[in-house]
Amino acid sequence: MISLSFFNNKGGVGKTTLACNVAAFMAERSEPRLRVLIVDADPQCNATQLILGEEKVTKLYAAEATQSTLAGVLMPISHGEAVIDKNITPLSAADNRFGVDLLPGHPHMSLVEDRLATEWGKVMGGDVGGIRKTNWCRQLLEGVKESYDLVIFDLGPSLGALNRTVLIGVDAFVTPMGCDIFSIMGIKNISEWLTAWTGEYKLGLRHCENRERGVLAHYGMTADPDDKYRFVGYTVQQYITKSIRGERRATRAYEEIKSEIPAAVDAHLSRFLRPGTDPAKLKLGDIPHLFSLVPLAQSANAPIHDLTSKDSLVGSQFQQQQVYIGMVQPVVDQLRSNIGLGGSDV
């Protein structure tokens, strides 16, 4: 099983849309098909709303019960315990059109984040309890590893304690980007943030081991976390194109920004590459403006590739859908190759 997060410090780059559609494509269209779980770790719960739809989401939250959500899994952590609720029961893929299981998000995760922020100070001091709470994501992944090939975490646009704990637990992260100067600034922010806390984290682990040799291994943790929080690719999306000799190209302003992105990625994120990753293959692909397809898919609570005339897909939208499918296939193939889950080495 591979675990992956979709993460960017900048909001509004279509991160949740991409994460959910890539997950659905891997589960339904990409060969071999994968058993996929989406974990909504964004307190705004956008992935939950996209996959379930308004009616199901209303019922889920109107009950004021967190048990079936990520907040329920982490409730013991929020109460000061060092272990999660291991009764992890994701919502079934059979009940949504994305073909993926879902561990829904919950707005209560904002309160859980407060607890995780407090525990970080203990981590830096080498406290094993703080380290165990900070490693809740590892506990969750351990509990579902026999059931899935791929677990995707959708993260909010934050450089906070919650996202830090997810990145500590997952194998790798993907950064969807907009074609704008703020996305380039976001790459630099991510790099500086990761560099700062990874140093603190490793120092805390060493302090812990020096106090009690073998205690981390006793709880299934490693004193050397260098195989985690690895960068495995990015996409560039939401730019406007024009037709030049029959080829769709970004307009000049966007083209200039687009040309700066590879160098920015190399300068700021290359130190976090997964061993064996070819830097030339970090760009997973471009995602052009899909116009009305995205809101249509949101209204239908369906992946873009699954939209039909029953979802009000009409006219030129059918052609746009085929453009999307032709775009997402190489993105998925390259991503699968970069994370070691097969796919074409494109």
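As a reminder, the structure under discussion sits directly above these lines.
Residues numbered from 1 in each chain as written. Predicted model: local features only at pLDDT ≥ 70, side-chain atom pairs only at ≥ 80, totals over all residues. Heavy atoms only, no water.

Visitor: Break down the nonpolar core for me, citing the residues and quoting the values.
Guide: Membership of the largest hydrophobic core comes to 60 residues, with the highest contact counts inside it found for L70, W136, L140, F153, L167, W197 and F231. The greatest single-element share of this core, amounting to nine residues, is contributed by helix α10 (residues 181-211). Beyond its immediate sequence surroundings of up to four residues, L140 is in contact with L70, V73, I84, I88, L103 and F153. Counting residues in hydrophobic clusters, the runner-up holds 49 residues, among them V22, F25, A27 and L60. (Core = buried A, V, L, I, M, F, W, Y, C linked by side-chain atoms within 4.5 Å. Buried < 20%, exposed > 50% of the residue type's maximum accessible area, 1.4 Å probe, protein only. Helix = DSSP H or I, 4+ residues; strand = E, 2+ residues; numbered from the N terminus. Contact = heavy atoms within 4.5 Å.)

Visitor: Break down the packing of aromatic side chains for me, with residues and values.
Guide: All chains considered together, the criterion is met by six aromatic pairs. Seen from their ring centres, F7 and F173 are 6.2 Å apart, and the 75° between their planes marks the pair as edge-to-face. Taken as a pair, F7 in the loop between β1 (2-6) and α1 (15-28) and F173 in strand β5 (residues 172-178) lie far apart in primary sequence, 166 residues in all. Considered together, F7 and F173 belong to a single accessibility category, that of buried residues. Aromatic pair F173 and F231: ring centres 5.4 Å apart, planes at 45°, arrangement tilted. With F173 in strand β5 and F231 in strand β6 (residues 230-237), this pair connects stretches of sequence that are 58 residues apart. Exposure remark for F173: the relative accessible area of 0% places this residue in the buried category. (Phe/Tyr/Trp six-rings, centres within 6.5 Å; stacked < 30°, edge-to-face > 60°.)

Visitor: Before we move on, can you summarise the pattern of salt bridges with the specific residues and values?
Guide: Applying the stated criterion across every chain yields a total of 12 salt bridges. A salt bridge links D149 to R35; its shortest N-O distance comes to 3.2 Å. Of this pair, D149 sits in the loop between α8 (136-144) and β4 (150-154) while R35 sits in the loop between α1 and β2 (36-40), and the two are 114 residues apart along the sequence. Given the relative accessible area of 42%, R35 is considered partly exposed. Residue K122 is joined to E119 by a salt bridge in which the shortest nitrogen-to-oxygen separation is 3.5 Å. (Salt bridge = Lys/Arg side-chain N within 4 Å of Asp/Glu carboxyl O.)

Visitor: Lay out the packing of α8 against helix α9 (residues 161-169) in plain terms, naming residues and giving numbers.
Guide: Interhelical geometry of α8 versus α9 gives an angle of 50° and a closest axis separation of 7 Å. The angle between α8 and α9 places the two elements in the oblique class. Two packed elements cross with a definite hand, and for α8 against α9 that hand is right-handed. Facing α8, whose interface residues are W136, C137, R138 and L141, α9 presents L162, T165, V166 and G169. When grouped by side-chain class, the residues that make up the contact of α8 with α9 number five nonpolar, two polar and one charged. (Axes fitted to C-alpha atoms, helices over the stretch in contact; angles between N-to-C directions. Parallel < 35°, antiparallel > 145°, perpendicular 65-115°, else oblique. Left-handed = near helix turned anticlockwise from the far one by under 90°. Nonpolar A, V, L, I, M, F, W, Y, C, P; charged D, E, K, R; others polar.)

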